[in-house]
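A closer look at the structure
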Amino acid sequence: MQFKNNPDSKTLKEIEKVLRFIREHSQGLVEKPGDSKWTEGNCLFSYQEDEPGFYTFMVGALKSGNITWHMMPMYGVSEMNEKWAEVLSPHTSGKSCIQFSRFDDLPREALFDIVRNGTPMFQQVMLAHRARKK
């Protein structure tokens with residue numbers, strides 16, 4: 001996958017750790033390159049039925065050399081946000097985004113819960129959202 005901001009080899013290795021973690025601990029997500037002007041140059045994890053631009057997780061590289069990881073379960077599932085916002089606060093850069101340079105510096109228990117348990121919870125939020133749109 002080609003990431004925007006041309007990350008160096010060290011950053012690419014750290015990104016691969018994140019991608020591997022998501023692959024190992026999430027269920028039912030499809031990995032693909034960004035598919036909209038907002039996500040292009042990033043790696044998305046979404047459900048097959050998601051519309052273009054929608055995702056559960058997005059991972060990419062920043063110009064600073066840091067990694068950005070958008071975690072929609074933190075945005076869309078209040079239980080996840082209430083439980084882990086404080087623990088992730090040293091890395092938080094938005095409502096659902098964290099930034100870091102080393103994956104091993106992140107709180108593993110929080111990440112595991114968000115990816116393993118937050119993913120199906122977020123899917124339910126999205127299914128309810130789609131049902132309201134119809």
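Quick caveat: nothing in here was measured; it's all calculated off a predicted structure.

Okay, the sheet that holds strand β3 (residues 57-61) next. Pairing is antiparallel in the open sheet, where five strands are placed in the order β1-β2-β3-β4-β5. On the outer flanks of this sheet lie β1 (30-33) and β5 (97-100), each paired with one strand and no other. Put simply, the sheet's adjacent strands are angled 15° from each other on average, direction ignored.

So, about the packing of helix α1 (residues 9-25) against helix α4 (residues 108-116). Running from N to C, α1 and α4 cross one another at 50°; their axes reach a closest spacing of 9 Å. The orientation of α1 with respect to α4, classified from their angle, is oblique. The two elements α1 and α4 cross, and the hand of that crossing is right-handed. Here Phe 21, Ile 22 and His 25 of α1 come into contact with α4, specifically with Arg 108, Leu 111, Phe 112, Val 115 and Arg 116. Partitioned by chemical class, the residues of the contact of α1 with α4 number five nonpolar, one polar and two charged.

Of all hydrophobic cores here, the largest spans 35 residues; its most connected members are Phe 57, Trp 69, Met 71 and Leu 111. Of all the elements, α1 adds the most residues to this core, at five residues. Setting aside chain neighbours within four positions, we find Leu 111 in contact with Phe 21, Trp 69, Met 71, Leu 88, Ile 98, Phe 103 and Leu 106.

This paragraph deals with the pattern of salt bridges. Taken as a whole and judged by the stated rule, the model has eight salt bridges. The closest approach of N and O atoms between Glu 31 and Arg 23, which form a salt bridge, is 2.6 Å. Take Glu 31: its relative accessible area is 34%, and that puts it in the partly exposed class. With a shortest N-O distance of 3.0 Å, Lys 83 and Asp 113 are connected by a salt bridge. Of this pair, Lys 83 sits in helix α3 (residues 78-88) while Asp 113 is found in helix α4, placing the two residues 30 residues apart along the sequence. According to the relative accessible area criterion, Asp 113 is buried, its value standing at 8%. Look at the salt bridges and you will find they share partners, linking Glu 14, Lys 17, Asp 104 and Arg 108 into a network.

Reading the values: the criteria
Residues numbered from 1 in each chain as written. Predicted model: local features only at pLDDT ≥ 70, side-chain atom pairs only at ≥ 80, totals over all residues. Heavy atoms only, no water. Pairing = 2+ DSSP bridges. Helix = DSSP H or I, 4+ residues; strand = E, 2+ residues; numbered from the N terminus. Axes fitted to C-alpha atoms, helices over the stretch in contact; angles between N-to-C directions. Parallel < 35°, antiparallel > 145°, perpendicular 65-115°, else oblique. Left-handed = near helix turned anticlockwise from the far one by under 90°. Contact = heavy atoms within 4.5 Å. Nonpolar A, V, L, I, M, F, W, Y, C, P; charged D, E, K, R; others polar. Core = buried A, V, L, I, M, F, W, Y, C linked by side-chain atoms within 4.5 Å. Buried < 20%, exposed > 50% of the residue type's maximum accessible area, 1.4 Å probe, protein only. Salt bridge = Lys/Arg side-chain N within 4 Å of Asp/Glu carboxyl O.

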